[in-house]
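A look at the structure
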Amino acid sequence: MRKSTFLLLFLLLTTITTTSAQTGFSSLEDIWHYADTHNIQIQAANAEKSKATTNVKQAYGALLPSVTANGAYTDNIRIQSTLIPTAIFNPAAPPGSLTEVTFGRRYIYSGNVVAQVDLLNTEEWFSVKLARLNDELASLNISKARQDLYNQLANAYFSCLLLTEAEKISQENVAACNSIYEIAKNKFNDGVVSEISVNTALINKQRAEKSLDVSVQNKLIQLNNLRSLLNMPDSITLTNTTEEKSTATMETAFASDPSTQQAYLQMLLAKNKWLSSKAAFAPTLSAIYQYNTQVVSNDFLKFSSSNTLPQQYWGLRMSLPVFMGNYRKYQLLNAKADYTLKQQQYESIRLQTGINDQNLLIAYNSAKNAFEKSKSIMDLYRRNDMHAEKRLQEGMISLDDRLRSYTDLITSQNEYLQSMSDYFIRQYSLKIRQTNLIQ
C-alpha cells in the first residue's frame, strides 16, 4: 500500500514538473509578443537604440559652455638670479657695471578658471542633427530586426501547422494501408491475388508509416527552432494546431515598410553630411572668459606676508578656414555624390516596395484559391477512396483497383499539402506587411 502510494505521488510530481517546464502558445501573435521581450536580436537592437538616444544628449551637451578650473603649486627651490645695471639702484655707479639680484618668491600657489561658449559653430549643429537621425535609424533597426524575426517565427509556426496536418493525414493513410494490406494478405493466402499485389500493399503501408515518422520528427525540429528564436529553455506546445485563421485581408492597408524608411533616413544622413561639409567653410565664433590668480610667499602655507596677483579678461575668438590643400573641397564633392546616390536608392526602394506589395496581394489571392480547390479535390478523392475500400470488402472491385484509388488519393494529398504550404507562406507574408512594426 505504501509502495503504491509513493509511486502515485512520484508520478504526480513528475507530471507537475513536466507541465511547468512547458510554455503554450495559441496563436502566432502570442509568439510574436513573447519574442519582442526575449529574442536576443531584439534585445541587442534595443541596446543600440539606448546608446543612440544617449548620443543625442551628448550632442546637445556639446552646445553648452565649457568651464575648466586648474590649480598648481610650485616650490622654487632655487630662484635664478638676474643681472641688471647697477645705475638703476645707484646713479653714481660706473657705467657698464652690473648687479646680481633675485626676483620672485619660493612658493607659488596658482589657479584659474576658463569658460568658453561657441556663439557660431555650424558643424556642431549638424552634429546634433546627425545624432537625432541616427537615433531614428536605431528605432527603425529595431523594426527591421522585428520584421526579420517575425518572418522566421511565422515560417517555423506555420511549418508546425503544416506538419500537424501532414501527421493527421499520415495517420489516416496508415490505417487505410493496414486495412488494404490485411485484405491483400488474406486474398494472397486464398490464392486470389499475386505476391506483387501483396508487396505493393506492404510498400504503401511502410511508406505511410515512414511519412508519419518524418512528420512527427520534423514537427519536433520546428518546435526546437521556435525555442531557439524565442531564447526559451522550456519546451513549447502549440495549443491551436488547426489551420490558422488569417487576420490579413485584401482590403487591409499595408503598414510602413522599415526597409523603405531606412532608405529614407540614409538619404537624410547623406544630406546632413553634405550640408555639414559645406558648413566646414563657415567661420567659428566663440566667447572666452578667463580668471587667473597667483599667491606667492617665502613661507610654506603661511600667507600673512604673501602677495596675491590676480588677472581677468574676456574676449571673442573667430576661426576662419582659409586653405587646407583643397581637402574640404573634395570632401564636399564626395558628400554631394553620395547624397545624390542615396536619393536614387530611396526612390528605387520605394517603387520596388509598392510593386512587391501588389505582387503579394496577387500571390495571396491565387494561393488561397488554389488551396481551397486542392482541399475540395482531396475531399473528393477521399470519398472515392472510402467508396473503393467498401467495394473491395464487398468483393466488387479488384485489389489493383483499390490500390489505384489509394495512389490517386496520395497524389491529391501531396498537392493539397503543397497548396497549404504556399498559402501559409503568402498568408504570413501578408500579415507581417499589414502589421505596424514601427513604434
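Quantities reported herein were computed from a predicted structural model and do not represent experimental measurements.

1. Side note on the pairing of strand β5 (residues 107–120)
If a strand is regular, its side chains alternate between the two faces of the sheet. Strand direction decides the pairing type here: strand β2 (residues 66–75) and β5, joined by 10 bridges, are antiparallel. By the bridge assignment, D75 is partnered in β5 with Y107. Alignment of β5 against strand β7 (residues 284–297), held across 13 bridges, turns out to be antiparallel. Residue V114 lies in a different strand from β7, and its bridge partner there is Q290.

2. What to know about unusual backbone geometry
One non-glycine residue, N231, adopts positive backbone phi at about 55°. Overall, N231 belongs to the partly exposed group, its relative accessible area being 46%.

3. Describing the packing of aromatic side chains
A full pass over the atoms with the stated rule returns 14 aromatic pairs. With 6.0 Å between their ring centres and 70° between their planes, Y73 and F300 make a pair best called edge-to-face. In this pair, Y73 sits in strand β2 while F300 sits in the loop between β7 and β8 (307–319), placing the two residues 227 residues apart along the sequence. Centroid distance Y264 to Y346: 5.3 Å. Interplanar angle 55°. Geometry classified as tilted. Here Y264, found in helix α6 (residues 258–279), pairs with Y346, found in helix α7 (residues 327–393); they are 82 residues apart in sequence, far enough to count as distant. Taking the relative accessible area as the measure of exposure, Y346 reaches 14% and is therefore buried.

4. Describing the environment of Q171
Tracing the chain through its elements places Q171 in helix α4 (residues 122–189). Given the relative accessible area of 44%, Q171 is considered partly exposed. When the C-alpha atoms of Q171 and A255 are compared, they prove to be 41 Å apart, with 84 residues separating the residues in sequence.

5. A closer look at the layout of surface pockets
Sizing a probe to match a water molecule and rolling it over the atoms shows the empty space that remains. Here the largest pocket defines a volume of roughly 310 Å³. In this structure, the largest pocket is lined by 16 residues; those nearest its centre are N173, S211, I410, Q413 and N414. Elements with a minimum of two residues in the lining of the largest pocket: α4, α5 (195–230) and α8 (399–433). No other element matches α8, which puts 7 residues into the lining of the largest pocket. Class assignment for the residues of the lining of the largest pocket results in 6 nonpolar, 9 polar and 1 charged.

6. Quick word on the sheet that holds β7
Here 4 strands make up an open sheet; going across it, the order is β2-β5-β7-β8 and the pairing antiparallel. Two strands close off the open sheet at either side, each with one partner strand: β2 and β8. The sheet shows a mean angle of 15° between the axes of neighbouring strands, taken without regard to direction.

Thresholds applied
Residue indices follow the written sequence of each chain, beginning from 1 at its first position. Where local features are concerned, this predicted model is filtered to residues with pLDDT of at least 70; where side-chain atom pairs are given and counted, the filter is 80 or more; whole-chain, interface and lining totals use all residues. Derived side-chain values reflect all non-hydrogen atoms in the structure, with water molecules and hydrogen atoms excluded from consideration. Two strands are said to pair when DSSP picks up at least two bridges between them. What counts as a helix is a DSSP run of H or I of at least four residues, what counts as a strand is a run of E of at least two, and both are numbered from the N terminus. Partly exposed describes any residue whose relative accessible area lies between the buried limit of under 20% and the exposed limit of over 50%, with all areas from a 1.4 Å probe on protein chains only and scaled to the type maximum. Centre distance within 6.5 Å is the pairing criterion for rings of Phe, Tyr and Trp, where only the six-membered ring of Trp is used; planes under 30 degrees apart are then read as stacked, over 60 as edge-to-face, and the remainder as tilted. Definitions used throughout: a 1 Å grid over protein atoms alone; a cavity as a set of points that fits a 1.4 Å probe which cannot get out; a pocket as an open set with protein on both sides within 12 Å along at least five of seven lines; a lining residue as one with an atom within 4 Å of a point. Grid points are joined across faces, edges and corners, and a volume is the space filled by probe spheres set on the points. Amino acids are sorted into nonpolar (Ala, Val, Leu, Ile, Met, Phe, Trp, Tyr, Cys and Pro), charged (Asp, Glu, Lys and Arg) and polar (every other residue, Gly among them). Working convention: axes come from line fits to C-alpha atoms, limited for helices to the stretch in contact. Angles between N-to-C directions cover 0 to 180 degrees.

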